[in-house]
Amino acid sequence: YQSDQHVDINILQGHYQTALEQLDSLSRAGLSPGYEHERMALVYLLMGDLVSANSHADSAMVMSPGRALAMDLKGLAAMYAGDCAGALRYFNQAVDADPAFYLPYFNRACAHRCLGNREEAIRDLTTAIQESREMGMAYFARGMLRKEGGDTEGALRDYDHALASDSLFTSALFNRAF
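The structure presented is a predicted model; accordingly, all values stated were derived computationally and were not measured. (Residues numbered from 1 in each chain as written. Predicted model: local features only at pLDDT ≥ 70, side-chain atom pairs only at ≥ 80, totals over all residues. Heavy atoms only, no water.)

Asks: Mind showing me how you'd approach the pattern of salt bridges here?
Replies: Between side chains of opposite charge, pairing is possible as soon as their charged atoms come close. Taken as a whole, this structure holds 9 salt bridges when the rule is applied. We note a salt bridge from Arg108 to Asp124, for which the minimum N-O separation is 2.6 Å. Placement of the pair is Arg108 in helix α7 (residues 102–114) and Asp124 in helix α8 (residues 118–131), with a sequence separation of 16 residues. Relative accessible area serves as the criterion here: at 15%, Arg108 is assigned to the buried category. (Salt bridge = Lys/Arg side-chain N within 4 Å of Asp/Glu carboxyl O. Helix = DSSP H or I, 4+ residues; strand = E, 2+ residues; numbered from the N terminus. Buried < 20%, exposed > 50% of the residue type's maximum accessible area, 1.4 Å probe, protein only.)

Asks: Teacher, can you tell me more about the environment of Cys84 here?
Replies: Position of Cys84 relative to the elements: it lies in helix α6 (residues 84–97). In this structure, the C-alpha to C-alpha distance between Cys84 and Cys114, residues 30 residues apart in sequence, is 6.3 Å. Excluding its chain neighbours within four sequence positions, the residues that come into contact with Cys84 are Met79, Ala111, Cys114 and Leu115. (Contact = heavy atoms within 4.5 Å.)

Asks: Is there a simple way to think about α6 in this case?
Replies: Turn by turn, an α-helix covers 3.6 residues, leaving residues three or four places apart pointing in a common direction. Compared with an ideal rise of 1.5 Å per residue, which puts 14 residues at 20 Å, α6 spans 20 Å between its outermost C-alpha atoms and is within 8% of the ideal. Within the span of α6, buried status applies to Cys84, Gly86, Ala87, Leu88, Phe91, Ala94 and Val95. Buried-residue contacts for α6 involve α5 (68–80) and α7. (Expected span 1.5 Å × (residues − 1).)

Have a look at this one:
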């Protein structure tokens, strides 16, 4: 547990190489290798190394089949590579694997947005919000989509919710002023 905290601190502080070394050590210890590979995939995504991120997400999917997070990470890697349609397939798998996990809905909304499917994106953001009411980014993103679609009142409500869920959400405050 304490090792996990050290990894998280290193990730948050941007000490990615140190975090990877710690995760590799934890993985070799065999405590929960699928989980550690998911976290390594995340760190590699943060570093912009899509090949390594995909490799570790694949390992996580083999070691812990059916885990939504590994599929979600594969989708993120596809998004970062510009493959929105491929990302959508992985996000769909992640949603199917764990319908109560809010993050794949948020990420799938991003893929829908990338593909020009605004209504589907709004629907997924609404589900992400229902699963995690404190997800200010989902309120903000939905507000942006509503603003683009001409729903000013809906956008304003979403920006207000984004601010209420995260007081540091300055982008929502800025956009609230439109």
